[in-house]
Amino acid sequence: MLKGIIDGCLLAIIKNKEVYGYELAEKLGNYGFKSFSEGTIYPLLMRMQREELVTSTLKKSTAGPKRKYYSLTTKGEMELNKFMERWTTLQNNVNRVLHYESNTKFTKGDEMIEE
């Protein structure tokens, strides 16, 4: 499940601006995904590139060799939109279950149920 979520998060980050792999790892870490390193992210980016969700461009770096910057394609934007729809549905469903199962007074559809 986390794999699909990380894919969606990467697409969301890339949508905002071109980014390179190390920058993506840093951004994920800043959002609390500490266990994702460049070594984890690059295979995902290569797959996304094969699937034509992202494109890459080599650009000069102020320190060291050129960096590969990733940007979202139209297909990638469509995939991000699908992910966001699936995520919203999943989040709503899980929240309903957690709320329903953890309270003595809950809402199920339009009716109130009390135990």
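In what follows, the structure referred to is the one given above.
A brief report on the enclosed structure follows.

1. As for the side chain of T73
Then step 1. Looking at the element boundaries, T73 is found in the loop between β3 (67-72) and α4 (74-102).
Then step 2. At 2.6 Å, the side chain of T73 forms a polar contact with the backbone oxygen of E52.
Then step 3. A distance of 3.0 Å separates the side chain of T73 from the backbone oxygen of L53, its partner in a polar contact.
Then step 4. Residues within four places of T73 in sequence aside, it is in contact with E52, L53, V54 and T55.

2. Remarks on the packing of helix α2 (residues 21-30) against helix α3 (residues 38-50)
Then step 1. One can describe the packing of α2 onto α3 by two numbers: an axis separation of 9 Å at closest approach and a directional angle of 115°. When the axes of α2 and α3 are compared, the crossing they make is right-handed. Contact with α2, carried on its side by G21, Y22, L24, A25 and L28, involves E38, I41, Y42 and L45 of α3 and no other residues of that element.
Then step 2. Here the residues of the contact of α2 with α3 sort into seven nonpolar, one polar and one charged.

3. Observations regarding a nonpolar patch on the surface
Then step 1. A cluster of nonpolar side chains, W87, L90, V94 and L98, forms an exposed patch at the surface whose accessible area comes to about 340 Å².
Then step 2. Among the secondary structure elements, L98 is positioned in helix α4.
Then step 3. Residue class for L98 comes out exposed when judged on its relative accessible area of 52%.

4. Details of the nonpolar core
Then step 1. The biggest cluster of nonpolar side chains holds 20 residues, and the ones touching the most others in it are L10, L11, I14, L24, L28, I41 and V54.
Then step 2. At the level of elements, α1 (2-16), α2, α3, β3 and α4 are the ones that each hand at least two residues to this core.
Then step 3. No other element matches α1, which puts five residues into this core.

5. Thoughts on the sheet that holds strand β2 (residues 54-59)
Then step 1. Spatially, three strands are ordered β1-β3-β2 in an open sheet, and the strand pairing comes out antiparallel. Whereas interior strands pair on both sides, the edge strands pair on one side only; in this sheet they are β1 (19-20) and β2.
Then step 2. Pairing analysis gives two bridges linking β1 to β3, with the strands arranged antiparallel. By the bridge assignment, V19 is partnered in β3 with Y70.
Then step 3. Against the sheet, α1 contacts β1, β2 and β3, and its axis sits at roughly 95° relative to β3.

6. Regarding the packing of α1 against α3
A pair of packed helices can be characterised by two numbers: the angle between their axes and the separation between those axes.
Then step 1. Two numbers describe how α1 lies on α3: the axes approach to 11 Å, and their chain directions differ by 75°. Here α1 is positioned roughly perpendicular relative to α3, judged by the angle of their axes. Contact residues: K3, I6, D7, L10, L11 and I14 in α1; I41, L44, L45, R47 and M48 in α3.

Basis of the calculations
- Residues numbered from 1 in each chain as written.
- Predicted model: local features only at pLDDT ≥ 70, side-chain atom pairs only at ≥ 80, totals over all residues.
- Heavy atoms only, no water.
- Helix = DSSP H or I, 4+ residues; strand = E, 2+ residues; numbered from the N terminus.
- Polar contact = N/O pair within 3.5 Å; in protein donor to acceptor, adjacent residues only side chain to side chain.
- Contact = heavy atoms within 4.5 Å.
- Axes fitted to C-alpha atoms, helices over the stretch in contact; angles between N-to-C directions.
- Left-handed = near helix turned anticlockwise from the far one by under 90°.
- Nonpolar A, V, L, I, M, F, W, Y, C, P; charged D, E, K, R; others polar.
- Patch = residues over 30% accessible without salt bridge, like charges linked within 9 Å, V, L, I, M, F, W, Y side chains within 5 Å.
- Areas by Shrake-Rupley, 256 points an atom, 1.4 Å probe, with all protein chains shown as cover.
- Salt bridge = Lys/Arg side-chain N within 4 Å of Asp/Glu carboxyl O.
- Buried < 20%, exposed > 50% of the residue type's maximum accessible area, 1.4 Å probe, protein only.
- Core = buried A, V, L, I, M, F, W, Y, C linked by side-chain atoms within 4.5 Å.
- Pairing = 2+ DSSP bridges.
- Parallel < 35°, antiparallel > 145°, perpendicular 65-115°, else oblique.

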